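Now for the letters of each chain:
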Amino acid sequence: MHRFFIPRPYAENMMIDGIDARHIYTVLKMKPGEKVQIVSDDGVTALAEITETAPGQTLVKCLEVIAESHEPAVKITLAQGLVKGEKMDFIIQKAVELGVSCIVPLAMEHSVVRYDGEKAAKKCQRWQKIAESAAKQSKRSLVPEIGRVLSFKEAVARMDRDGFDLRLIPYESEDRQGLKQVLQSNLNTDSILIIIGPEGGISEAELDKARSGGAVPVSLGRRILRAETAGLTALSAVLYEFDELGG
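Thresholds applied
- Within every chain, residues take consecutive numbers counted from 1 along the sequence as written.
- Selection of residues for local features in this predicted model requires a pLDDT of at least 70, selection of side-chain atom pairs for listing and counting requires 80 or more, and totals for whole chains, interfaces and linings are taken over all residues.
- Note that the side-chain values use all heavy atoms of the structure and ignore hydrogens as well as water.
- Elements are defined by DSSP. Helices are runs of H or I of four residues or more, strands are runs of E of two residues or more, and each kind is numbered from the N terminus.
- Contacts are assigned to residue pairs with any non-hydrogen atoms lying within 4.5 Å of each other.
- Under the counting rule used here, the positive set is Lys and Arg, the negative set is Asp and Glu, and His together with the chain ends is not counted.
- Charge placement uses NZ in Lys and CZ in Arg. For Asp and Glu, CG and CD serve respectively.
- Criterion for a disulfide: a pair of cysteine sulfur atoms within 2.5 Å.
- Lines fitted to the C-alpha atoms define the axes, with helices restricted to the stretch that makes contact. Angles between their N-to-C directions range from 0 to 180 degrees.
- Should an angle fall under 35 degrees it is taken as roughly parallel, and over 145 as roughly antiparallel, whereas 65 to 115 is taken as roughly perpendicular and any remaining angle as oblique.
- Handedness of a helix crossing follows the sense of rotation of the near helix relative to the far helix, less than a right angle counterclockwise being left-handed and clockwise being right-handed.
- All amino acids are sorted into three groups, where Ala, Val, Leu, Ile, Met, Phe, Trp, Tyr, Cys and Pro are nonpolar, Asp, Glu, Lys and Arg are charged, and the leftover types, Gly among them, are polar.
- Confidence per residue, as judged by the predictor, is encoded in pLDDT with a range of 0 to 100.
- Think of it this way: a Phe, Tyr or Trp ring, Trp meaning its six-membered ring, pairs with another when their centres are within 6.5 Å, and the plane angle makes it stacked under 30 degrees, edge-to-face over 60, tilted otherwise.
- Exposed residues in this analysis have more than 50% of their type's maximum accessible area, buried residues have under 20%, and partly exposed residues fall in between, with area computed by a 1.4 Å probe over protein chains only.
- At least two DSSP bridges between two strands are required for those strands to pair.
- The arc in question is traced by the directions running from the helix axis to the C-beta atoms.
- Whenever a carboxyl oxygen of Asp or Glu lies within 4 Å of a side-chain nitrogen of Lys or Arg, that contact is scored as a salt bridge.
- By convention, orient the strands away from the viewer: a clockwise path from the first strand over the helix to the second makes the crossover right-handed.

Digging into the overall build of the protein
Then step 1. The number of helices and strands found in the protein is seven helices and twelve strands.
Then step 2. In terms of principal-axis extent, the alpha carbons of the protein reach across some 60 × 40 × 30 Å.
Then step 3. Across the protein, every contact between residues at least 6 apart in sequence was considered, and the portion connecting residues at least 24 apart equals 74%.
Then step 4. Charged side chains in the protein number 32 positive and 35 negative. The centres of these two groups are separated by 5 Å.

Structure representation (structure tokens):
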């Protein structure tokens, strides 16, 4: 069943507009009487019946609230070093499908690509659309936020401001403790930050700054993972240890 996010508080009668309304009318060719799922911006998911369609708007009547949540109990923020080409699109799409709560793009010392000003804003708008599409497809109860592009210094400051319970920085040269070991010692954690480097890796200076902000360096295993693989691997491992995959 198709799911649509509506940027308004829950009400018995609601309106879907914009791109979603055009998609319902033009592509899906849905008619009055057909059922959809809606998610309001105050987090209510409901089964709804279409009562009226037009190219610019679709009216629905909510039939029943769906109590089941598709959101992980642990809130995970992925701070991802910028990667080139369409790799960032892929990371965002798959991280949202897996259950990430927020994604923060990072401009790091070894980042190959650089986005500033208007270009960065346009990229973030594109990434937010990708996140919304992935949230619909995976039946999420919310659309994860794609934050603005931050410098690594700004990201370290955010670690303190947002007060994450656990801060992880997978690092290829870490050989003292693995991700599983750290997670099993922190299973009562409610919020986790995962910092992933770009193609060029995390610099020693960035690692020191992350450590000073309370981040714990961890190993993801004996094999070196690409930037677009590492974050998704770490995210999957966290969700598995917290019984959010296959449980």
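Describing the state of the cysteines
Then step 1. Taken as a whole and assessed by the stated rule, the structure comprises zero disulfides.
Then step 2. The thiol sulfur of Cys-102 is not disulfide-bonded, and the nearest other cysteine sulfur, from Cys-124, lies at 11 Å.

Here we look at the packing of helix α4 (residues 152-162) against helix α6 (residues 204-212)
Then step 1. It is the contact of α4 with α6, at a shortest axis distance of 9 Å, that shows an interaxial angle of 15°. The angle between α4 and α6 falls in the class roughly parallel. Crossing of α4 over α6 shows right-handed handedness. Residues Phe-152, Val-156 and Met-159 of α4 lie in contact with α6, whose contacting residues are Glu-206, Lys-209 and Ala-210.
Then step 2. Among the residues forming the contact of α4 with α6, the class breakdown is four nonpolar, no polar and two charged.

What to know about the confidence of the model for the protein
Then step 1. Residues with a pLDDT of 70 or more make up 100% of the protein, whose mean pLDDT is 92.
Then step 2. Mean pLDDT across the secondary structure elements of the protein bottoms out at α4, with 85, and peaks at helix α2 (residues 87-98), with 97.

As for the packing of aromatic side chains
Then step 1. All chains considered together, the criterion is met by one aromatic pair.
Then step 2. Judged by centre distance (6.0 Å) and plane angle (70°), the ring pair of Tyr-115 and Trp-127 falls under edge-to-face. Pair noted here: Tyr-115 is in the loop between β7 (102-107) and α3 (117-137) and Trp-127 is in helix α3, with a separation of twelve residues, a long-range link.
Then step 3. Overall, Tyr-115 belongs to the buried group, its relative accessible area being 9%.

Let's talk about the sheet that holds strand β4 (residues 45-53)
Then step 1. Taken in spatial order, the five strands line up as β1-β3-β4-β5-β2 in an open sheet, and their pairing is mixed. A single partner strand is all that each edge strand has here, and the edge strands are β1 (3-6) and β2 (13-17). This sheet shows a mean twist of 45° between the axes of neighbouring strands, independent of strand direction.
Then step 2. Sheet strands in contact with helix α1 (residues 18-27) are β1, β2, β4 and β5 (57-65), and its direction is about 90° off that of β2.

Some words on α1
Then step 1. Among all positions of α1, only Asp-20, Ala-21 and Ile-24 are buried. Down the axis of α1, the buried set is contained in an arc of 100°. They therefore lie on one face. Among the exposed residues of α1, those pointing more than 90 degrees away from its buried face are Ile-19 and Val-27.
Then step 2. Buried-residue contacts for α1 involve β1, β2, β4, β5 and α3.
Then step 3. Positive phi shows up at Lys-29, right after α1, with a value of about 55°.

A short note on the pattern of salt bridges
Then step 1. For the structure on display, the rule yields 14 salt bridges.
Then step 2. Of the charged contacts, one joins Asp-20 and Lys-136 as a salt bridge, the two residues approaching to 2.4 Å between their closest N and O atoms. Of this pair, Asp-20 sits in helix α1 while Lys-136 sits in helix α3; the two residues are 116 residues apart in sequence, bridging distant segments of the chain. Residues Asp-20 and Lys-136 agree in their burial class; the two are buried.
Then step 3. When the shortest N-O distance is used, the salt bridge between Asp-162 and Arg-161 registers 3.5 Å.
Then step 4. Taking the relative accessible area as the measure of exposure, Asp-162 reaches 35% and is therefore partly exposed.
Then step 5. Each of Asp-20, Glu-132 and Lys-136 takes part in a single network of salt bridges with overlapping partners.

Considering the pairing of strand β11 (residues 191-196)
Then step 1. By the criterion of burial, β11 is predominantly enclosed, with six of the six residues buried.
Then step 2. Taken together, the three bridges between strand β10 (residues 166-170) and β11 define a ladder with parallel strand orientation. Each residue of the ladder has a partner; that of Leu-166, found in β11, is Ile-192.
Then step 3. Between the parallel elements β10 and β11, the chain passes through helix α5 (residues 179-184) in a crossover that is right-handed.

Observations concerning the environment of Val-65
Then step 1. With respect to the helices and strands, Val-65 occurs in strand β5.
Then step 2. Once the C-alpha coordinates of Val-65 and Met-88 are considered, the two residues, 23 residues apart in sequence, prove to be 35 Å apart.
Then step 3. Other than its neighbours up to four places away in sequence, Val-65 contacts Tyr-10, Val-44, Thr-45 and Ala-46.

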